[in-house]
Amino acid sequence: MKLLAHFIRFVSGLNHFIGQACSWCALAIVLVCFSVVVLRYAFAVSFVWMQDLYIWLNGVMFTAVAGFALLRDDHVRVDVFYRHARPARKAAADMIGAVVFLLPFTFVVLAYSLPFVSRSWRYTEASANVGGMPGLFVLKSFIVAFALLIGLQGLAIVARSILVLSGRDDMVPERFAYTTEEETHEAAV
C-alpha cells in the first residue's frame with residue numbers, strides 16, 4: 001500500500017510540475033500572437049515562423065497539461081451523481097472510468113502515434129510552410145507525452161481508488177484526496 005501512495009505522489013508531482021511549467025506557454029502564445037498582429041498591421045511585416053510558433057505553443061500547452069488537468073479534476077464531468085457521492089463511491093466510479101475508458105484510450109493514442117512520431121523524427125520533419133519553423137518532429141512528440149502523462153495519471157487514479165476502497169484513504173496524498181461537497185463549499189467561501 002505504501003508503494004501505491006509513493007506512486008501517486010510521484011505521478012502527481014510530475015504532472016503538477018509539468019503542468020505548472022507548460023502553463024506559461026499561455027503567456028508566450030499571447031505575446032507571440034500580439035507581436036504577429038502588431039507587425040502585420042502596424043508595419044506590414046509578416047513572419048511565417050512566428051505564426052507557426054504560436055500555433056505550436058498552443059499544441060505543446062494543451063498536450064503537456066492534460067495530465068495536470070486530470071490531476072486537478074479540471075476535465076469535463078457530468079457530476080449529477082458523482083458530486084454528492086461518498087469517497088468510496090467516487091473511488092469506484094473513478095476506477096471503472098480509468099480502467100474501462102481512460103487507459104484503453106491512452107493505449108490507442110500511444111499505439112497509433114508512435115509510428116507517426118518516429119517517422120517524423122527519421123525525416124527531421126519541419127513545417128510545411130515555406131519559411132516556417134523547423135523541428136515539427138519535436139512538436140509531434142508531445143502526442144506521445146500526452147498519452148504517457150494522462151496514462152500515468154490514470155494509473156494514479158486507479159491506485160488512489162484502490163487505497164480508498166481498501167480503507168486506507170489516509171495514505172492518499174492530501175492534494176489528491178477526495179473531498180466532500182461541504183469541504184468543497186468551505187474552500188470556495
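Cut-offs applied
- Residues numbered from 1 in each chain as written.
- Predicted model: local features only at pLDDT ≥ 70, side-chain atom pairs only at ≥ 80, totals over all residues.
- Heavy atoms only, no water.
- Helix = DSSP H or I, 4+ residues; strand = E, 2+ residues; numbered from the N terminus.
- Rg over C-alpha atoms; globule rule 2.2 N^0.38 Å.
- Buried < 20%, exposed > 50% of the residue type's maximum accessible area, 1.4 Å probe, protein only.
- Contact = heavy atoms within 4.5 Å.
- Bend = angle between axes of the 7 residues up to and from the residue.
- Core = buried A, V, L, I, M, F, W, Y, C linked by side-chain atoms within 4.5 Å.
- Salt bridge = Lys/Arg side-chain N within 4 Å of Asp/Glu carboxyl O.
- Expected span 1.5 Å × (residues − 1).
- Arc of directions from axis to C-beta.
- Patch = residues over 30% accessible without salt bridge, like charges linked within 9 Å, V, L, I, M, F, W, Y side chains within 5 Å.
- Areas by Shrake-Rupley, 256 points an atom, 1.4 Å probe, with all protein chains shown as cover.
- Phe/Tyr/Trp six-rings, centres within 6.5 Å; stacked < 30°, edge-to-face > 60°.
- Lys NZ or Arg CZ within 6 Å of the ring centre and 35° of its normal.

If you tally the helices and strands in the protein chain, you get seven helices and zero strands. Taken from N to C terminus, the helices and strands of the protein chain fall in the order α-α-α-α-α-α-α. Rg of the C-alpha trace for the protein chain: 20 Å, well past the compact-globule value of 16 Å for 189 residues, more than 25% over. Considered along the principal axes of its C-alpha atoms, the protein chain spans approximately 65 × 45 × 30 Å. Relative to its 189 residues, the protein chain shows a buried fraction of 35%. Taking as baseline every contact in the protein chain between residues at least 6 positions apart, the subset at least 24 positions apart corresponds to 74%.

Once that is clear, we can look at unusual backbone geometry. With a phi close to 55°, Ala44 is a non-glycine residue in the positive phi region. Of note, Ala44 is situated in the loop between helix H2 (25–43) and helix H3 (48–64). The exposed category is assigned to Ala44, whose relative accessible area is 70%. Of note in this structure, Thr124 is not a glycine but carries a positive phi near 40°. Structurally, Thr124 can be placed in the loop between helix H5 (87–122) and helix H6 (136–165).

Attention now goes to H5. In H5, a bend of some 45° at Ala98 exceeds every other bend along the element. Looking at the buried side of H5, the elements it contacts are helix H4 (66–71) and H6.

Let us now look at the nonpolar core. Here is a general trend for soluble globular proteins: nonpolar side chains tend to be buried in one another's company. Counting 25 residues, the largest nonpolar core has Ile150, Leu163 and Phe176 as its most contacted members. The dominant element in this core, judged by the number of residues it contributes, is H6, at nine residues. Residues in contact with Ile150, not counting those within four places in the same chain, are Ala66, Gly67, Leu70, Leu102, Phe105 and Thr106. Counting residues in hydrophobic clusters, the runner-up holds 17 residues, among them Ile18, Cys25, Val36 and Leu149.

Below, the discussion takes up the pattern of salt bridges. Scanning the model with the defined rule gives four salt bridges in all. The partner of Asp74 in a salt bridge is Arg72, with the nearest N and O atoms 2.6 Å apart. The exposure class of Arg72 is partly exposed, given its relative accessible area of 48%. Between Arg168 and Asp170 there is a salt bridge; the shortest N-O distance is 3.5 Å. Taking relative accessible area as the criterion, Arg168 reaches 34% and is therefore assigned partly exposed.

Time to look at H3. Taking 1.5 Å per residue, 17 residues should reach 24 Å; H3 reaches 24 Å between its end C-alpha atoms and fits that length. Where H3 is concerned, the buried positions are Met50, Asp52, Trp56, Leu57, Val60, Met61, Thr63 and Ala64. Viewed along the axis of H3, the buried residues span an arc of 170°, placing them on a single side of the element. Residues of H3 that are buried sit in contact with helix H1 (2–22), H2, H4 and H6.

A few words now on a nonpolar patch on the surface. A contiguous nonpolar patch, built from Phe34, Val38, Phe43, Val45, Phe47 and Trp49 and spanning about 570 Å² of accessible area, is present on the exposed surface. A total of three residues in the nonpolar patch trace back to one element, the largest contributor, which is H2. Note that Val45 resides in the loop between H2 and H3.

What follows covers the environment of Ala177. Its place among the elements puts Ala177 in the loop between H6 and helix H7 (181–188). Exposure remark for Ala177: the relative accessible area of 32% places this residue in the partly exposed category. Remark: the alpha-carbon pair of Ala177 and Pro87, spanning 90 residues in sequence, is separated by 8.8 Å.

Summed over the entire model, instances satisfying the criterion amount to three aromatic pairs. Judged by centre distance (6.2 Å) and plane angle (45°), the ring pair of Phe47 and Trp49 falls under tilted. Relative accessible area serves as the criterion here: at 37%, Phe47 is assigned to the partly exposed category. Using a relative accessible area of 39% as the deciding quantity, one classes Trp49 as partly exposed. Each ring, one from Phe105 and one from Phe146, has its centre 6.4 Å from the other, and the planes form 85°; the classification is edge-to-face. Of the two residues, Phe105 is situated in helix H5 and Phe146 in helix H6; the sequence distance between them amounts to 41 residues. Given the relative accessible area of 18%, Phe146 is considered buried. Sitting over the ring of Phe176, Arg160 keeps its end group 4.2 Å from the ring centre. Across from the ring centre of Tyr178, 4.0 Å away, lies the NZ or CZ of Arg160, which sits over that ring.

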